[in-house]
Amino acid sequence: MDIAGIDKLKASVRGAVLCPGQDGYDTARTIPNAMIDRRPAAVVRCSSPADVIASVLFARDHNLVVAVRGGGHSVAGKSVCDGGLMIDLSSMKGIRIDPTRRTARAEAGLMLGEFDRETQAFGLATTLGVVSRTGIAGLTLGGGWGHLHAKQGLAVDNVLGVDVVTADGRLLTANANENQDLFWGVRGGSGNFGIVTSLEYRLHERGPVLGGAVFHPAARAREVLHFFREYAETIPDELVIQCGSFTTPDNVPVFAIAACYCGPLADGEKILKPLRTFGPPMSDAISVMSYLQLQTMFDPFFPPGRHTYVKSNFIRALNDDAITAIAEFAGKSPSPFSFAPFLEHWHGAATRVGVSDTAFPHRQHSFNMMFWSNWDGAAESEKNIAWTRTSWNALRPFLVEGSYGNYVSDEGDAFARAAYGPNYERLVALKNKYDPTNFFHMNHNISPSRVMPTAISA
């Protein structure tokens, strides 16, 4: 882009336009995963949907690659590009709670913690992720697993409507009554069909929870996994559990089980008793806490600025052989900052939604496994990536092809097909309709079946 082009862009938006060398540019282009270091030609810090529309039209006119940043937490780095236009929604943080209807209308620049604080002021909440600095939009549109999923469904199951800027610069409302096909597609199809500028969520009453974790030595991972599997078969929708290997701040390798019980607290004490007495654990940090406290529980372990590489797939069956194989890697990561291996238990309301009721298809698997490898400094990258890949390859016989896309580093077309599963061809048809040139391709991409001649290349 030349100076005249930049001036034209600045004149068309209210938000700031930042270019290389300007104050704020490096901050704007930096995302939490330090492995990703890209330099867009310009960053538009949008203040409204009108700015988003203007940015899309400008990018089309100038044949620019577009990356869209909400919270910027795409572990694959999809929210920033080299040489193109970064459309940054992080300043769009408006939110309005309707306590009577129990709904929230939230702009796409909000973080989970910001959203939770507003909803909890009315004693309400909805399923979102488990790290408060994550952006609501990307997390939701990719599925949205969280502490309330078994009782109230995934984040995507609680979306009532969205506003979307499409590739041709239109602002569309999509819900159960308007643009129903687009509404279906964005709920799991992520950013493939346009830029979501706001989302309306269904909210639920949410008071204090019984949450926290119990800690066991990493060397006991196999025993803990056996207990975790058997315990998971008995728990009600009000309880969500996950387990895995990491290193505590005082440098102790552990294999922990984290829990959130959102039902009556007296019942929770009884339901959690087997979890708290098994072993017994070396430490028990489960207590009654506010939902806001629970939602920040993992924050200290995921500060921005670390290098991150992730592998994630659902487990075919958590049988004895799988448990033995997974336990072999507990406490073995070359970095003390990794969560690997780590398992989430998926059950309850989230798994009772039909595979094709939303574009997010992964409703039938009980366990999702990830190797979330984090480390400090580029010099440590090679050995951490190699360990993650080697570990993952050893466990592939126990995994299905499908993945929860929010957790996966850039894996290419084969991954995208598996991630969207049986809904892929229907999503391709939507791509043909709403984005036939693949203008929005900085994502886990659904390629149109025939890319039009005006397609923009990376």
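Shown above is the structure to which this text applies.
Residues numbered from 1 in each chain as written. Predicted model: local features only at pLDDT ≥ 70, side-chain atom pairs only at ≥ 80, totals over all residues. Heavy atoms only, no water.

Right, let's get into the overall build of the protein chain. For the protein chain, the helix and strand inventory stands at 14 helices and 19 strands. Over its C-alpha trace the protein chain gives a radius of gyration of 22 Å, about what one expects of a compact globule, namely 23 Å for 458 residues. Counting only C-alpha atoms and orienting by the principal axes, one finds that the protein chain spans roughly 70 × 55 × 40 Å. Out of the 458 residues belonging to the protein chain, those deemed buried represent 60%. Pairs at least 24 apart in sequence give 72% of the contacts found in the protein chain among residues at least 6 apart. (Helix = DSSP H or I, 4+ residues; strand = E, 2+ residues; numbered from the N terminus. Rg over C-alpha atoms; globule rule 2.2 N^0.38 Å. Buried < 20%, exposed > 50% of the residue type's maximum accessible area, 1.4 Å probe, protein only. Contact = heavy atoms within 4.5 Å.)

Now for the state of the cysteines. Counting across every chain of the model gives zero disulfides. The cysteine Cys19 is free of any disulfide, with Cys81 supplying the nearest cysteine sulfur at 13 Å. Cys46 takes part in no disulfide bond, and the closest cysteine sulfur, belonging to Cys81, lies 13 Å away. Overall, Cys46 belongs to the buried group, its relative accessible area being 0%. (Disulfide = S-S within 2.5 Å.)

Moving on, we get to helix 7 (residues 180-189). Burial analysis of helix 7 places eight of its 10 residues in the buried class, which makes it a mostly covered element. When helix 7 is considered as a whole, its buried residues turn out to be Leu182, Phe183, Trp184, Gly185, Val186, Arg187, Gly188 and Gly189. In this structure, the buried side of helix 7 is in contact with helix 5 (136-141), strand 8 (159-165), strand 9 (171-175), helix 13 (413-420) and helix 14 (424-434). Just downstream of helix 7, Ser190 is the residue with a positive phi angle, here 60°.

In this structure, His204 sits in strand 11 (residues 204-205). Only 2.8 Å separates the side chain of His204 from the side chain of Asn158, close enough to count as a polar contact. Those residues within four positions of His204 in sequence are excluded, and the remaining contacts are Gly123, Leu124, Ala125, Thr126, Gln152 and Asn158. (Polar contact = N/O pair within 3.5 Å; in protein donor to acceptor, adjacent residues only side chain to side chain.)

What follows covers the environment of Arg426. Within the element layout of this structure, Arg426 appears in helix 14. Note on Arg426: relative accessible area 43%, which makes it partly exposed. Along the primary structure Arg426 and Ala359 are separated by 67 residues, whereas in three dimensions their C-alpha atoms are 8.7 Å apart. In this view, Arg426 contacts Trp184 and Ser356; residues no more than four positions away in its chain are not counted.

This part takes up the sheet that holds strand 3 (residues 66-69). The strand order 1-2-4-3 describes an open sheet built from four strands, whose pairing is mixed. Each end of this open sheet is capped by a strand with a single partner; those strands are strand 1 (17-18) and strand 3. Note: strand 2 (residues 42-45) against strand 4 (residues 85-88), four bridges, orientation parallel. Paired with Val43 across the two strands is Met86, which belongs to strand 4. The strands that helix 3 (residues 49-61) touches are strand 2, strand 3 and strand 4; relative to strand 4, the one it contacts most, it runs at about 170°. (Pairing = 2+ DSSP bridges. Axes fitted to C-alpha atoms, helices over the stretch in contact; angles between N-to-C directions.)

The antiparallel open sheet is built from five strands, whose spatial order is 5-6-10-8-9. Single-partner strands in this sheet number two, and they are strand 5 (95-98) and strand 9. Neighbouring strand axes in the sheet, compared pairwise and without regard to direction, differ in orientation by 15° on average. Sheet analysis places strand 5 next to strand 6 (residues 103-107), joined by four bridges and oriented antiparallel. By the bridge assignment, Asp98 is partnered in strand 6 with Thr103.

What follows deals with the pairing of strand 19 (residues 367-375). For strand 19, the buried fraction is high: nine of the nine residues fall into the buried class. Of the two faces of strand 19, both are covered, the one formed by Phe367, Met369, Phe371, Ser373 and Trp375 as well as the one formed by Asn368, Met370, Trp372 and Asn374. Strand direction decides the pairing type here: strand 17 (residues 307-314) and strand 19, joined by eight bridges, are antiparallel. When the bridges of strand 19 are listed, Lys311 appears paired with Phe371. Bridge count between strand 18 (residues 339-345) and strand 19: five bridges; the pairing is antiparallel. What sits directly across from Glu344, in strand 19, is Asn368.

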